[in-house]
Amino acid sequence: MNNIKSKIIIKMGNLVLIIITLQILACTEQVKEKHSDDSVKNQVENQVYNQPLIFKQNTTFPQIHTNLNGMVREFVRTMYQDTNGNYWFGTNGDGIIRYDGKVLEKMEIESSHPQVRVLKIVEDKAGNVWFGTSDGLLKYDGRKFSQIEGLQGDDVEVWSLTIDRNGLIWVGTVEGVSHFDGEKFTPFLLPETKVENPEPIYSINRVSSFLEDNDGNMWISKDGNGIFKYKNGNFTQFTNQNGLTENNANASLLDKKGNIWIGSYYGGASKFDGNTFRNFTKDGIIEGIETGNFIEDKTGNIWFTAENVGVYKYDGAKFTLYTTEDGLTSNLVLSIFEDNRGQLWFGTWQGLCIFDGEKFVNANEKEPWTS
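Anyway, here's the lowdown on the structure attached to this text.

Calculation criteria
Residues numbered from 1 in each chain as written. Predicted model: local features only at pLDDT ≥ 70, side-chain atom pairs only at ≥ 80, totals over all residues. Heavy atoms only, no water. Helix = DSSP H or I, 4+ residues; strand = E, 2+ residues; numbered from the N terminus. Contact = heavy atoms within 4.5 Å. Areas by Shrake-Rupley, 256 points an atom, 1.4 Å probe, with all protein chains shown as cover. Salt bridge = Lys/Arg side-chain N within 4 Å of Asp/Glu carboxyl O. Buried < 20%, exposed > 50% of the residue type's maximum accessible area, 1.4 Å probe, protein only. Polar contact = N/O pair within 3.5 Å; in protein donor to acceptor, adjacent residues only side chain to side chain. Pairing = 2+ DSSP bridges. Core = buried A, V, L, I, M, F, W, Y, C linked by side-chain atoms within 4.5 Å. Axes fitted to C-alpha atoms, helices over the stretch in contact; angles between N-to-C directions. Phe/Tyr/Trp six-rings, centres within 6.5 Å; stacked < 30°, edge-to-face > 60°. Lys NZ or Arg CZ within 6 Å of the ring centre and 35° of its normal.

**Digging into the overall build of the chain**
Reasoning step 1: In terms of helices and strands, the chain carries three helices and 28 strands.
Reasoning step 2: In the chain, 46% of the contacts between residues at least 6 apart in sequence involve partners at least 24 apart.
Reasoning step 3: Total accessible area computed for the chain in this model is approximately 17500 Å², and 46% of it derives from carbon and sulfur atoms.

**Some details on the pattern of salt bridges**
Reasoning step 1: On inspection of all chains with the given rule, the structure shows 14 salt bridges.
Reasoning step 2: Notably, a salt bridge pairs Asp 100 with Arg 98, separated by 3.9 Å at the nearest N-O pair.
Reasoning step 3: Classification of Arg 98 as buried rests on a relative accessible area of 3%.
Reasoning step 4: For Arg 341, the salt bridge identified is with Glu 367, shortest N-O distance 1.8 Å. With Arg 341 in the loop between β25 (333–338) and β26 (344–348) and Glu 367 in the segment after α3 (363–366), this pair connects stretches of sequence that are 26 residues apart.
Reasoning step 5: Several salt bridges share partner residues, and in doing so they unite Arg 98, Asp 100 and Glu 105 into one network.

**Topic: the side chain of Gln 343**
Reasoning step 1: Inspection of the secondary structure puts Gln 343 in the loop between β25 and β26.
Reasoning step 2: Of the polar contacts made by the side chain of Gln 343, one reaches the side chain of Asp 339; its length is 2.8 Å.
Reasoning step 3: Within the structure, the side chain of Gln 343 is placed 2.9 Å from the side chain of Glu 367, a separation counted as a polar contact.
Reasoning step 4: When near neighbours in sequence (up to four residues on either side) are disregarded, Gln 343 contacts Phe 337, Glu 338, Ile 354, Phe 355, Lys 366 and Glu 367.

**Considering the pairing of strand β5 (residues 118–123)**
Reasoning step 1: Of all six residues in β5, five are buried; the element is thus mostly enclosed.
Reasoning step 2: Two strands pair when backbone bridges link them, and β5 and strand β6 (residues 129–133) are joined in this way by five bridges, in the antiparallel orientation. For Val 118, the partnering residue across the bridge sits in β6 and is Thr 133.
Reasoning step 3: The turn linking β5 back onto β6 is made up of five residues, and Gly 127 within it adopts a positive phi angle of 90°.

**Re the nonpolar core**
Reasoning step 1: Membership of the largest hydrophobic core comes to 17 residues, with the highest contact counts inside it found for Leu 68, Phe 89, Trp 345, Leu 352 and Trp 369.
Reasoning step 2: If you list the elements that add at least two residues to this core, you get β1 (76–81), β2 (87–91), β3 (96–99) and β27 (351–355).
Reasoning step 3: Here Leu 68 is in contact with Phe 89, Ile 97, Leu 104, Leu 352, Trp 369 and Thr 370, once residues within four sequence places are set aside.
Reasoning step 4: Core analysis: the second largest hydrophobic core is formed by 13 residues, Trp 261, Ala 269, Tyr 314 and Phe 319 among them.

**Observations regarding the sheet that holds strand β28 (residues 360–362)**
Reasoning step 1: Ordered in space as β25-β26-β27-β28, the four strands form an open sheet in which the pairing is antiparallel. In this open sheet, the two edge strands, each paired with only one partner strand, are β25 and β28. Each strand axis lies, on average, 30° off the axis of its neighbour in the sheet, ignoring direction.
Reasoning step 2: Summarising the sheet, β27 and β28 pair through three bridges and their orientation is antiparallel. From the neighbouring strand, Cys 353 faces β28, where its bridge partner is Asn 362.

**Concerning the sheet that holds strand β20 (residues 277–279)**
Reasoning step 1: Spatial strand order, β17-β18-β19-β20: four strands in an open sheet with antiparallel pairing. Strands at the two margins of the open sheet, each flanked by one partner only, are β17 (249–254) and β20. Sheet twist, expressed as the average angle between the axes of neighbouring strands with direction ignored, equals 25°.

**So, the packing of aromatic side chains**
Reasoning step 1: Counted by the stated rule, this structure contains 48 aromatic pairs.
Reasoning step 2: The interplanar angle of 55° and the centroid separation of 5.6 Å between the aromatic rings of Trp 261 and Tyr 314 together place this pair among those described as tilted. Residue Trp 261 is found in strand β18 (residues 260–264), and its partner Tyr 314 is found in strand β23 (residues 310–314); the two are separated by 53 residues along the sequence.
Reasoning step 3: An aromatic cluster of three or more residues is present, and its members are Trp 261, Phe 280, Phe 294, Phe 304, Tyr 312, Tyr 314 and Phe 319.
Reasoning step 4: Looking at Arg 206, its charged tip hangs above the ring of Trp 159, at a distance of 4.5 Å from the centre.

**Structural notes on the side chain of Ser 335**
Reasoning step 1: You can see Ser 335 is positioned in strand β25.
Reasoning step 2: Residue classification places Ser 335 among the buried residues on the basis of a relative accessible area of 3%.
Reasoning step 3: From its side chain, Ser 335 meets the backbone oxygen of Val 76 in a polar contact 2.8 Å long.
Reasoning step 4: The residues contacting Ser 335, other than those within four sequence positions of it, are Val 76, Arg 77, Thr 78, Met 79, Asn 293, Trp 345, Phe 346 and Gly 347.

**Focus: the environment of Pro 191**
Reasoning step 1: Looking at where Pro 191 falls in the secondary structure, it is placed in the loop between β12 (185–188) and β13 (207–212).
Reasoning step 2: Distance from Pro 191 to Phe 235, taken between C-alpha atoms, is 7.7 Å for residues 44 residues apart in sequence.
Reasoning step 3: Ignoring any residue separated from it by four or fewer positions in sequence, one finds Pro 191 in contact with Phe 228 and Phe 235.

And the structure:
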């Protein structure tokens, strides 16, 4: 009974946070977007370090670290650096922000929604950058953005996005999975779930993550239904009956040793070595039941977030917890990203900060263009 009560309290807490965020998006004035054409670049390319604050955003949580020169209300959901060195920031309602080495700008995109949420950013072999957003799939070809039409269903909000080794784009939405081959979308059907009475966080058909392993298997995480492993028409489903600690789980990272790291909403962090699952939270090694945002840095350390606890680093032998006492902006972290200089960026509820290998600092101390 205590476990049931705890789950109810956690779910209510998550619901409250969602409602707060929606209220922010509904009530806050929209930021005027800067055009990304060459004429504007020429006008502002020499203003990298003294760009004025474009708008003082209203926030629920004090932004004690950088919010990208006022362009971000709060909540950077995803970060990426492309092969040309451009930094991309996907926000939770303030659209797409880019730094191209000269100008930090809010990109102009066509959308039917006043505030665009960006959850995933990937790049293909040709250098096109793809964005999974609340308004569907976007493509940036180096010159302009294109809205990719044709996603199936009424709700085209993209929650997961990846490009497999064959160049096929996998798109996960609230309503399921589609393949995009560069010309058209094709629905990809998952088998009937083996979970009895699933309890999804958002939607029973939402696909929350994709991960391709070294053998070409695609791991597909489905809200409340565990994880499906797929290859050549064959599916294997993992649930709390055969290895997962709970069914709201995401296959989040394939490390250099071939291990798959799994985050979850109520079951903490696990690692699958190809044969067995090990849950570090259940074993009492780490704290925090909601985990995610796994990355492996250039030196082989595994980093991930634990909601309301902080950020963990695993060096292959032990876990180290970093919190606000160590300089982290907030113990609520939405995204982690490593740039090509080896700096780790953390998108928290209270702004962006950077770990430079020794300490956490305000992002603008290391990257003045973020001011």
